[in-house]
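These are the residues of each chain, in order.
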Amino acid sequence: MNINKIKVPTNVTYLSDWDGFEFPNGILNKMVCGCGATELALTDNIPTIVASPRNQLILNKAEQHKEVLVVNANVKEEEIKDYVKNKPIPKILTTYDSLYKIVNSVDIKNFRLIVDEFHCIFLDSAFKSEKELGFLRVFNMFTNVTYLTATPIAMEYIYKLPFFANIPYYQLEWDEKAIKKPQISLIQSNNPIMAAYKMIDSYKKGDYLAYNGVICNELVFYLNSVKTICKLIKKAKLRASDVNIICASKIENEEMISTLGKGYGIGKIPMKGEYHKMFTFCTSTAYFGCDFYSDCAVSVVVNDCHTKTTITDISTELPQICGRERNNNNIFKDYTIFIYNKNYSTITDEEFKLIQNEKNEKTQKEIENYNIMPCELKRDIIKLLKINNYKESYTFYDVESGQFKKNEMAALVEEYNFKIKAADYLNSIRVKKAINNNGMEVHNDMYLKVDGKIKDMVNNQSFADRMKKICDDRVNTNFSIHHDGEMVEYVNLLGVDKIKSLNYQQSKIKKEILKKQQILSMTKPFNFEVGDVIPCKEMKEKIQNLYKENNISSTATATDIKKWYPNAQITRKSIKGITTAVVVF
C-alpha cells in the first residue's frame, strides 16, 4: 500500500485554518479525531454531499449547520431538487442508505462526495455485507470522492477488496505538538456490566469522580446493546429525568425502551449550552463522528467479550469514542474509562484458519452448483443463504450480475472480528499493547488519583475501607477529590480522629452520628445569667437527666457543656473550702 503523506502546517489545529487545503480524491486518513474535516466540507465554497453511516451523526451535524439539507428515509426526491435549485452552494448531509435519492435527483458530476467514517463500510458488513457492497456501487458513480477516516487500522483488510485495490491512500502528517493522545484508564472486570452498575450506584449516592477540584457529575456510557442499557437502568432504578439514551430510531429499540416506563425514550445529543443529564447511554450509532459539548463529562466504554454486539474494537471504535467530547474547557475531554473483560474463547488461530478453509471450499462448490440450477430453485437457495447469514459459507447472490458469488467482504470481516476478540482481549498486556499501538495511552500520572477512585467504585470495597480512604484524602491537602456525600458528612460531624478511634466501623460511626445529631438538634436547655457559677458535677447531672428524658444513650461530659455554652469557662474554684471544678457563665 503506497502512502501519500500530506504535511499539515504547524500553525494548523483545524483543517478550516488551512488556507488552500483541498480534499484529495481517494482515501484520506486524518490521523486524529476532531480536526474539523466534516466542518470544512460543510462550510467551504464547493457543492458537497457528506454521506455518513449513522443517522444520528447527520442529525448531530445538522443541529450545528442549520443551512444544510438532511436527506434520510423521510425526505423525498422533489425536496432535494428544490433545495439544489435554490442554493448557490448546496451542502447535503445523508446516510449511506439514502445516497441513491440524491443520485436520482441531481447531476452528481457537479458535487464532491465525502464518505465520512468510511471504515464502517467494512465493519458493518459483519451483519449487512450485501448492503455495504451496494453502497460501494453507488459511491463508484461519483468522479470526485474522498473516503474519510481517522481510524484506518482495517486498511490491510479493506485493500484486499477489489473495489479499493487501486484507490490512492493519503495520510495527514501533524506536528507532534498538535496531537494530544487520549488517556485510557483500564478497568479489568469479570463482569463489566456489573462494574458499570457500581459506578452508576456510586454517582446516585453523590460519590463522584473529580480532579483538581473539578467534579465530574456526568457519565457518558458507550455500550452497544439497548437491551443491556435498559437492564442497567432498571437495576440502578434511574429516573427518566437522569437518563439520555442515544440509539438508532428503530421500532425494536423503542419497544425495549418503553418497558422502562413513562418518560423514557430515544434521546438526542445536546448541543452547546443545552442541558446534559447525569447519565447518557450511547450505542454504536454515536461512536463515530458525533459531537458532545459537556463541561465535565467522562466517557465510559463498557466492553463485554461474551456478547458479540458489546465487543469494542480497540483499533477503530475506541479511538473514535475518545474523540467525542469536543469542549476544550472539559478537563476530562481526553480521558476515557475502559471497562473490559478477557476473552476466554478456546479456539486457536489454527482452528480458525481450518474453519475458514472449510467454508471457502464449501463456498466454491456452492457457486459451481447453484449457478447452473433452474431459476425456481435459485429463489429457494437465495432464501436459505439469507437465513444462513454466512455461518456455513460465504456464498451470496449478486443481483447486479445475476450470479452466485463469494462475498469477500463477509470473509474478511469474519477474520478481522476474530482478530479483535482472540488477540486484543487475550490478556491485559494485549489490551494495553493494542491501545498504545492505536494512538492512545494507558493514562499518564495526571489521572492516577482518578483511576484509584474508579477502582474503589467498581470493586466490592467495605464501608470501613471507603471511610478510611475519605479520611486519608481529607488529611492529604495536595489533592481534592469528591466522595460519597453522606460519608463526607460523617467526617464533617465527627472529625477524622474520632472516626479513626471508632476503627472506621459503620455501626459505631452511625451510632455516634445519631447521638451527635440528637444533641445538636436541641437548643440551650438551661438559662443562666452572666457570672453564674455552677459546679461541673451538678451541670453534668442536669445534662444527664436531659439525655435520659430524651432517650439519648450518651454520658454527659465537660465537652457537652461547651457544645451548648461555648462562651462558658470551665475552671476550678473554692466552694465552702473545697476546690471544685465549676462552670462560669
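Treat the numbers as computed from the prediction; the structure is a model and nothing was measured.

**Some points on the pairing of strand β5 (residues 91–95)**
And step 1. β5 sits mainly inside the fold: 5 of its 5 residues count as buried.
And step 2. Residue alternation in β5 divides its side chains into two sets, Lys-91, Leu-93 and Thr-95 and Ile-92 and Thr-94, and both sets are buried.
And step 3. Note: strand β3 (residues 48–52) against β5, 5 bridges, orientation parallel. Paired with Thr-48 across the strands is Lys-91, a residue of β5.
And step 4. As judged from the 3 bridges shared by strand β4 (residues 69–71) and β5, these two strands associate in the parallel manner. Paired with Val-70 across the bridge in β5 is Leu-93.
And step 5. Crossover connection from β4 via helix α3 (residues 77–86) to parallel β5: handedness right-handed.

**Thoughts on the nonpolar core**
Across soluble globular proteins, nonpolar side chains show a tendency to be buried alongside one another.
And step 1. Core analysis: the biggest nonpolar cluster contains 74 residues, and Phe-139 and Phe-338 have the highest contact counts within it.
And step 2. In this structure, Phe-139 is in contact with Tyr-96, Leu-99, Leu-113, Val-115, Ile-121, Val-145 and Tyr-147, ignoring residues within four places of it in sequence.
And step 3. In this structure, Leu-219, Ala-236, Ile-257 and Phe-332 belong to the second largest nonpolar core, which totals 40 residues.

**Looking at the packing of helix α9 (residues 226–236) against helix α10 (residues 251–258)**
And step 1. Where α9 meets α10, the closest approach of the two axes is 10 Å, and the angle between their N-to-C directions is 10°. When the axes of α9 and α10 are compared, the pair comes out roughly parallel. Contacts between α9 and α10 involve Val-226, Lys-227 and Cys-230 on the former and, on the latter, Asn-253, Met-256 and Ile-257.
And step 2. Residues that form the contact of α9 with α10 fall into these classes: 4 nonpolar, 1 polar and 1 charged.

**Here we look at the pairing of strand β6 (residues 112–115)**
And step 1. Alternating positions in β6 separate into two faces, Arg-112 and Ile-114 on one and Leu-113 and Val-115 on the other, with burial throughout.
And step 2. Pairing analysis gives 4 bridges linking β3 to β6, with the strands arranged parallel. Paired with Thr-48 across the two strands is Arg-112, which belongs to β6.

**Here we look at the packing of helix α8 (residues 192–204) against α9**
And step 1. Running from N to C, α8 and α9 cross one another at 40°; their axes reach a closest spacing of 10 Å. The orientation of α8 relative to α9 falls into the category oblique. In this structure, α8 crosses over α9, and the sense of that crossing is right-handed. Listed contacts from α9 to Ile-193, Met-194, Ala-196, Tyr-197, Ile-200 and Lys-204 of α8 are Thr-228, Leu-232, Lys-235 and Ala-236.
And step 2. The residue makeup of the contact of α8 with α9, split by class, is 7 nonpolar, 1 polar and 2 charged.

**Some details on the side chain of Thr-285**
And step 1. With respect to the helices and strands, Thr-285 occurs in the loop between β14 (279–282) and β15 (298–302).
And step 2. Residue contacts for Thr-285: discarding those within four places in its chain leaves Arg-54, Gln-56, Ile-246, Cys-247, Ala-248 and Cys-290.

**A closer look at the sheet that holds strand β22 (residues 578–584)**
And step 1. Pairing is antiparallel in the open sheet, where 3 strands are placed in the order β20-β22-β21. Two strands close off the open sheet at either side, each with one partner strand: β20 (533–535) and β21 (569–575). Averaged over all adjacent pairs, the angle separating strand axes in this sheet is 45°, with direction ignored.
And step 2. Across 3 bridges, β20 lies against β22 in antiparallel orientation. Considered in β22, the bridge of Val-533 is made with Val-584.

**Focus: the packing of aromatic side chains**
And step 1. In total, this model carries 17 aromatic pairs according to the counting rule given.
And step 2. Relative to Phe-135, the ring of Tyr-96 lies with its centre 5.7 Å away and its plane at 65°, an arrangement referred to as edge-to-face. Here the residue Tyr-96 occupies a position in the loop between β5 and α4 (99–105), and Phe-135 occupies one in helix α6 (residues 125–139), the gap between them amounting to 39 residues.
And step 3. For Tyr-96, a relative accessible area of 4% translates into the label buried.
And step 4. Judged by relative accessible area, which is 7%, Phe-135 ranks as buried.
And step 5. For the ring pair Phe-118 and Phe-164, a centre distance of 5.6 Å and an interplane angle of 50° mean the geometry is tilted. Of this pair, Phe-118 sits in the loop between β6 and α5 (120–123) while Phe-164 sits in the loop between α7 (155–158) and β8 (169–173), placing them 46 residues apart in sequence. This pair shows no difference in class: Phe-118 is buried, exactly as Phe-164 is.
And step 6. By way of ring pairs, the aromatic residues Tyr-96, Phe-118, Phe-135, Phe-139, Tyr-147, Phe-163 and Phe-164 are connected into one cluster.

Cut-offs applied
Residues numbered from 1 in each chain as written. Predicted model: local features only at pLDDT ≥ 70, side-chain atom pairs only at ≥ 80, totals over all residues. Heavy atoms only, no water. Buried < 20%, exposed > 50% of the residue type's maximum accessible area, 1.4 Å probe, protein only. Helix = DSSP H or I, 4+ residues; strand = E, 2+ residues; numbered from the N terminus. Pairing = 2+ DSSP bridges. Right-handed = clockwise from strand over helix to strand, strands pointing away. Core = buried A, V, L, I, M, F, W, Y, C linked by side-chain atoms within 4.5 Å. Contact = heavy atoms within 4.5 Å. Axes fitted to C-alpha atoms, helices over the stretch in contact; angles between N-to-C directions. Parallel < 35°, antiparallel > 145°, perpendicular 65-115°, else oblique. Nonpolar A, V, L, I, M, F, W, Y, C, P; charged D, E, K, R; others polar. Left-handed = near helix turned anticlockwise from the far one by under 90°. Phe/Tyr/Trp six-rings, centres within 6.5 Å; stacked < 30°, edge-to-face > 60°.

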